[in-house]
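# Working through the structure, step by step
Spelled out, the chains give:
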Amino acid sequence: MASVSRYVNQENEATSCWLRPEVVEFLSREDIYGPRVSQLRRVIATPPPLTTLRANLAPGRTPVRGDVGGPNTRASPAADADAATAITTRAQVAQHLRDKLGASFDVACDDRLPDLIVVRSSASSRGRGGGAAADSHSSEPPAPAPAESASAPPSATTTATASTVTKGEEKGFPEVIVDAKCGEAVMRGAEVFAPGVVGAETGINTGHTVAVYADADGTCKKGETNKFLGRKVFVGNGVAMMGRSFFYKVKTGVAVQMTERVYHMPPLNGFLEDVLFLQNLPSMLVAPILSPTPGSLILDMCAAPGGKTSHIASIMENKGRVIAIDKTPQKVVQLKATCSRLGATCVECYSFDSTKLLSEPPSHSTSNSTPAAATTASTNPSTATSSAAMHVTIDNIGVPPYPPNTFDAILLDPPCSGIGLRPCLREPMHLKDLEGHCRYQRKLIHVAVALLKPGGTLVYSTCTVNPQEGEQNVHFILTTFPNMQLVAPPQFVHEFGGIGRNGTGLTADQARMVVRFDPCVQTDHPAFFAAKFKKNSV
């Protein structure tokens, strides 16, 4: 668990992630997750104890001037000349974080990943071995350990010693109810933004201290004025930054600034946002597993919000081209904004259905079947393009769709069930939705394999504990496409994550070549899965 302040649970307070009974039953199967489902639900209802950030310092980007008191601004030419203020190294970024966060948090650089910065509550980092900020991999000496409270409740990996937070309602503070997603963000260190407010007691004005709860079951009515009696999670106390009536009138802005949090997580809203990217560590491993080289032509098939895309561009030193696709136009706006903010200048973003990215069927079938999307695209005269008529290169790639054997490397990080992301207070997914993810992922796999050049690299990743979306899709790739070869990721990856599950169709050797993060095992992190393939010649 994350470093957590102690408070007394009431009967109507949620202590585990809400899942539909049919999904719980599915996960309880021995071949899926097994009897540890109850433990999983408790773990994922809490945030990871680590906050991991990527220091984005790609070569050629505009130097940035840090403002340790708030958001940064891009450096002016005069500031660029001032070597004392320009941020050009990860060590400088880490020092700015230390200056902002003070002694309450430990900030460390992990040398296994050149852009990784780890932030952990000072209380939770004492006496730990391993993890992303293990002393043997840190480029900086550990801070001295303060005395710990003997009364703090222990956990499997963390001794929680944060100061006690008394629920505001016990002090007579009025109650503000936020939706589950807003509550989860607050648990990770965010403030309460107005769109997330669902209900609030009457009489709340600017400057009033309030108790903040998350609606665990989604049953609080918008605009509720009475004390909410449904299942809820106390996330902390804060100060109202606007009157109650404005909670529902405005679409932006901080409604409550948190002053006491149940989970001791660093508040980083707007801080060095051109340099720092908040990203779970497992997601940060994907681009190094792909290992793109400068000058390559890369495809990211489901790219929004852009964290992995921009990381790929950074590793390539913005040399080459990255085609980033997402089906939803609104997500592409976010994708473009992320790439622009982080200086990913070699990325081109398109709103397109990736199941239809293939402009024509492969000339030589490499599987037992041809994806329906490819057949549909090839019969559309407005999109079909003969690969014989035009050889696609990095210089003339153009807009989608694309012919077979186009890309040097492909990242397929498809929509998935997300079971195991944390914190997660409520997941309303039906079992049919979960099954639908598996079918959709296999459609995308067909297209990805066809678009990849012989000799190219495919990385497939998901953020779920469900092996049907992980190991079983690896088995599907290996049995459906004889020319696809499973290859091991860089050695350091398994220093962070575990190996694949048994009983999923993979051999023992194959299971050791994929990486799996299980929140009940790798307790510092959310769920994740990744596998790397090489496409051989037919």
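Before going into details, it helps to say that this report is about the structure given with it. The model shown is predicted, which means the values in this text are computed figures rather than measured ones.

## Examining a negative patch on the surface
- Residues E22, E25, D433 and E435 make up a contiguous surface patch of negative charge.
- For the negative patch, the elements supplying multiple residues, two or more each, are helix 1 (21-27) and helix 12 (431-451).
- The residue E22 is located in helix 1 in this model.

## Let's talk about helix 13 (residues 471-480)
- Turning to helix 13, its buried residues are E471, N473, V474, F476, I477 and T480.
- Of the surrounding secondary structure, the elements contacted by the buried residues of helix 13 are helix 12, strand 20 (452-462), strand 21 (484-487), strand 22 (515-517) and strand 23 (528-535).

## Points about the sheet that holds strand 7 (residues 116-121)
- Taken in spatial order, the 4 strands line up as 6-7-2-14 in an open sheet, and their pairing is antiparallel. Each edge of the sheet is formed by a strand with only one pairing partner; in this case those strands are strand 6 (105-109) and strand 14 (276-278). Strand-to-strand, the axes of this sheet are offset by a mean angle of 30 degrees, without reference to chain direction.
- In terms of strand pairing, strand 2 (residues 50-55) meets strand 14 through 3 bridges, oriented antiparallel. Bridging across to strand 14, L53 finds its partner in L278.

## Let's talk about the environment of C520
- Mapped onto the elements, C520 comes out in the loop between strand 22 and strand 23.
- For C520, a relative accessible area of 12% translates into the label buried.
- Separated by 479 residues in the primary sequence, C520 and R41 have C-alpha atoms spaced 9.6 Å apart.
- C520 has contacts with Y33, R36, Q39, L40 and V43, leaving out every residue within four places of it along the chain.

## What about the pattern of salt bridges?
- This model, assessed by the stated rule, comprises 18 salt bridges.
- Put simply, R90 and D111 hold a salt bridge, and the shortest N to O gap is 3.2 Å. Of this pair, R90 sits in helix 4 (residues 90-101) while D111 sits in the loop between strand 6 and strand 7, placing them 21 residues apart in sequence.
- A relative accessible area of 13% means that R90 is categorised as buried.
- Residue E348 is joined to R321 by a salt bridge in which the shortest nitrogen-to-oxygen separation is 2.5 Å. One end of the pair, E348, is in strand 17 (residues 347-351); the other, R321, is in strand 16 (residues 320-326), and 27 residues separate them in sequence.

## Some points on the packing of aromatic side chains
- Scanning all chains against the criterion turns up 5 aromatic pairs.
- The aromatic ring of Y213 is capped on one face by K232, whose charged end is 4.6 Å from the ring centroid.
- A cation over an aromatic ring shows up here: K249 above the ring of F246, its NZ or CZ 5.4 Å from the ring centre.

## Observations regarding the side chain of D217
- Checked against the element boundaries, D217 lands in the loop between strand 11 (209-215) and strand 12 (232-240).
- Overall, the relative accessible area of 17% leaves D217 in the buried class.
- Excluding residues within four positions of it along the chain, D217 makes contact with W18, R231 and R426.

Calculation rules
Residues numbered from 1 in each chain as written. Predicted model: local features only at pLDDT ≥ 70, side-chain atom pairs only at ≥ 80, totals over all residues. Heavy atoms only, no water. Patch = residues over 30% accessible without salt bridge, like charges linked within 9 Å, V, L, I, M, F, W, Y side chains within 5 Å. Areas by Shrake-Rupley, 256 points an atom, 1.4 Å probe, with all protein chains shown as cover. Salt bridge = Lys/Arg side-chain N within 4 Å of Asp/Glu carboxyl O. Lys, Arg positive; Asp, Glu negative; His and termini not counted. Charge placed at Lys NZ, Arg CZ, Asp CG, Glu CD. Helix = DSSP H or I, 4+ residues; strand = E, 2+ residues; numbered from the N terminus. Buried < 20%, exposed > 50% of the residue type's maximum accessible area, 1.4 Å probe, protein only. Contact = heavy atoms within 4.5 Å. Pairing = 2+ DSSP bridges. Axes fitted to C-alpha atoms, helices over the stretch in contact; angles between N-to-C directions. Phe/Tyr/Trp six-rings, centres within 6.5 Å; stacked < 30°, edge-to-face > 60°. Lys NZ or Arg CZ within 6 Å of the ring centre and 35° of its normal.

In short, geometric facts, not functional conclusions.
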